[in-house]
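# Descriptive structure summary
So the chains spell out like this:
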Amino acid sequence: MKVVPTLFADTATILLLSSSNKDLQMLTKTLSATGCNLKVVMNLAEAEQTIMAQNIDLLVVDYDQQTQTNQDDHGALDAFLQRFAQLPASHWVSGRTRILLLAGRRNREEMRHIFDLSFASNIVAKSNEFSPGELITTVGKIIRNDIFGIDKYLCYGATPTTYEVSSSLQKDPLLNAMSEYATNIGINKRIISAVAGVADELLMNAIYNAPIYPNGVRPYARQSRTIPVELQPNETCFFSFASDGTNFLISVHDRFGSLTPEKIRGYLVRCFSMGDDQIEQKQGGAGMGFYFIMENLNKLIVNISPGRGTEFIGIIDISGTYRDYIERCKSFHIFVG
């Protein structure tokens, strides 16, 4: 029997823009593993020529390396990407090209700059280098437009525990269940406390802030969080947690998708700014909570489908000590589907 492999090569073409000889081999092998057509260019002139010759579905840019060369500075690269973002994709997903930035910067101002780039429909910003598995997961979510699900970040065989949440009164029992699970697998108590704080904030945001009526009214957003809320059947959210022995993951998924990419980028910009606007403080605002969430996670993934749902996935590396956890560089992912 002849076996015909299922590839995505006829539905997506990836253009990799990287000037790093050190990372190019790894990136090429990893992106080729996705089954897409892969084109590789080293500078903006080659990228322009390739784009004019054929349609590109996903542009992967090694942003750090590209801006460290003498050929392409920040301004030239940003202007090129802004122009490229306006071009239609060939026949893939939503009919528009996606831009994925690979960023390994540590400087807060540089990270603020990256998150302030409006043309980046998908951003993967890290302070450490990519692993092949993580990059494949990230690109796979983009090219398939399949962004939701905690399972994508777990080893095969690891099974999440999921609860449907219909009342704010469920919060404490759910946090206790998660903490008991984490304790039973031997996670440090201080890490459990940090995860519980993040889960608390995510659940409260999903219950009080996420629900929105067609007329734009948020029925519970201005309500004190000490006052219980009972959600309607179409307002419930889902809380999941899991571990694969290396990472501990939590997820909160609402049904609304009312958190916009622009709002997320605004929060990220403030969190990487050093001024007084670093944390947004207002009644019903998520800025302070968002800052707290990021500070207590090693990795934060935000999946947004406008009008359909928003999913926050938090990941903590439990492979080392508590000190290892607090000293690990942070990773941020935003996906829009």
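Description of the structure in this document. Computed from a predicted structure; not experimentally measured. (Residues numbered from 1 in each chain as written. Predicted model: local features only at pLDDT ≥ 70, side-chain atom pairs only at ≥ 80, totals over all residues. Heavy atoms only, no water.)

## Here's the deal with the packing of helix α7 (residues 171–184) against helix α8 (residues 189–209)
Two quantities define a packed helix pair, namely the angle between the helix axes and the distance between the axes. Where α7 meets α8, the axes come as close as 10 Å, and the angle between the chain directions of the two elements is 150 degrees. On the basis of the axis angle, α7 is roughly antiparallel to α8. Between α7 and α8 lies a crossing whose hand is right-handed. Contacts between α7 and α8 involve Lys 171, Leu 175, Met 178, Ser 179, Ala 182 and Thr 183 on the former and, on the latter, Ile 192, Val 195, Ala 196, Ala 199, Asp 200, Leu 203 and Met 204. Looking at the contact of α7 with α8, its residues break down into 9 nonpolar, 2 polar and 2 charged. (Axes fitted to C-alpha atoms, helices over the stretch in contact; angles between N-to-C directions. Helix = DSSP H or I, 4+ residues; strand = E, 2+ residues; numbered from the N terminus. Parallel < 35°, antiparallel > 145°, perpendicular 65-115°, else oblique. Left-handed = near helix turned anticlockwise from the far one by under 90°. Contact = heavy atoms within 4.5 Å. Nonpolar A, V, L, I, M, F, W, Y, C, P; charged D, E, K, R; others polar.)

## Topic: the nonpolar core
Counting 73 residues, the largest nonpolar core has Leu 81, Phe 239 and Ile 250 as its most contacted members. Contact partners of Phe 239, with chain neighbours within four places excluded, come to Thr 161, Thr 162, Tyr 163, Val 165, Leu 174, Met 178, Ala 199, Leu 203, Ile 250, Ser 251 and Val 252. Of all hydrophobic cores here, the second largest spans 28 residues; its members include Leu 31, Val 60, Val 124 and Ala 242. (Core = buried A, V, L, I, M, F, W, Y, C linked by side-chain atoms within 4.5 Å. Buried < 20%, exposed > 50% of the residue type's maximum accessible area, 1.4 Å probe, protein only.)

## Here's the deal with the pairing of strand β11 (residues 331–336)
The element β11 is extensively covered by neighbouring structure, given that 6 of its 6 residues are classed as buried. In this sheet, β11 lies alongside strand β9 (residues 299–305) in parallel orientation, the contact comprising 6 bridges. Within β11, the residue paired with Leu 300 across the bridge is Phe 332. (Pairing = 2+ DSSP bridges.)

## Regarding the environment of Leu 154
Take Leu 154: it is sitting in the loop between α6 (132–144) and β6 (161–165). Take Leu 154: its relative accessible area is 11%, and that puts it in the buried class. Sequence separation between Leu 154 and Asp 244 is 90 residues, and the spatial gap between their C-alpha atoms is 6.1 Å. Other than its neighbours up to four places away in sequence, Leu 154 contacts Pro 160, Ala 242, Ser 243, Asp 244 and Leu 249.

## Remarks on the side chain of Ser 305
Within the element layout of this structure, Ser 305 appears in strand β9. With residues up to four places along the chain from it excluded, the contact list for Ser 305 reads Phe 148, Phe 256, Gly 257 and Gly 337.

## Concerning the environment of Pro 219
Positionally, Pro 219 belongs in the loop between α8 and β7 (237–243). Along the sequence, Pro 219 and Asn 209 sit 10 residues apart, while their C-alpha atoms lie 8.4 Å from each other. Each residue touching Pro 219, except ones within four places of it in the same chain, is listed here: Pro 211, Ile 212, Tyr 213 and Glu 235.

## Notes on the layout of surface pockets
Of the volumes computed, that of the second largest pocket is approximately 450 Å³. Secondary-structure elements contributing two or more residues to the lining of the second largest pocket are α6 and β10 (309–317). A total of 3 residues in the lining of the second largest pocket trace back to one element, the largest contributor, which is α6. (1 Å grid on protein atoms, 1.4 Å probe; cavity = no way out; pocket = protein on both sides within 12 Å on 5 of 7 lines; lining within 4 Å. Points joined across faces, edges and corners; volume = space filled by probe spheres on them.)

## Focus on the pairing of β10
With respect to burial, β10 is a largely interior element, 9 of its 9 residues being buried. Side chains of β10 alternate between two faces, with Gly 309, Glu 311, Ile 313, Ile 315 and Asp 317 and Thr 310, Phe 312, Gly 314 and Ile 316 buried alike. Two strands pair when backbone bridges link them, and strand β8 (residues 247–253) and β10 are joined in this way by 7 bridges, in the antiparallel orientation. Pairing of Ser 251 across the sheet is with Ile 313, part of β10. Sheet analysis places β9 next to β10, joined by 7 bridges and oriented antiparallel. The partner of Val 302 across the bridge, within β10, is Phe 312. Connecting the antiparallel pair β9 and β10 is a turn made up of 3 residues, with Gly 307 showing a positive phi of about 80 degrees.

## What to know about empty space enclosed by the protein
Where empty space is left becomes clear once a probe the size of a water molecule has been rolled over the atoms. What the rule picks out here adds up to 1 cavity of 30 Å³ or more. Reported here for the largest cavity is a volume of approximately 30 Å³. Along the walls of the largest cavity sit Ile 264, Leu 268, Phe 290, Leu 300, Val 302, Phe 332, His 333 and Ile 334, which together make up its complete lining. Looking at the lining of the largest cavity, the elements that each hand over two or more residues are α9 (261–271), β9 and β11. The greatest single-element share of the lining of the largest cavity, amounting to 3 residues, is contributed by β11. Looking at the lining of the largest cavity, its residues break down into 7 nonpolar, 1 polar and no charged.

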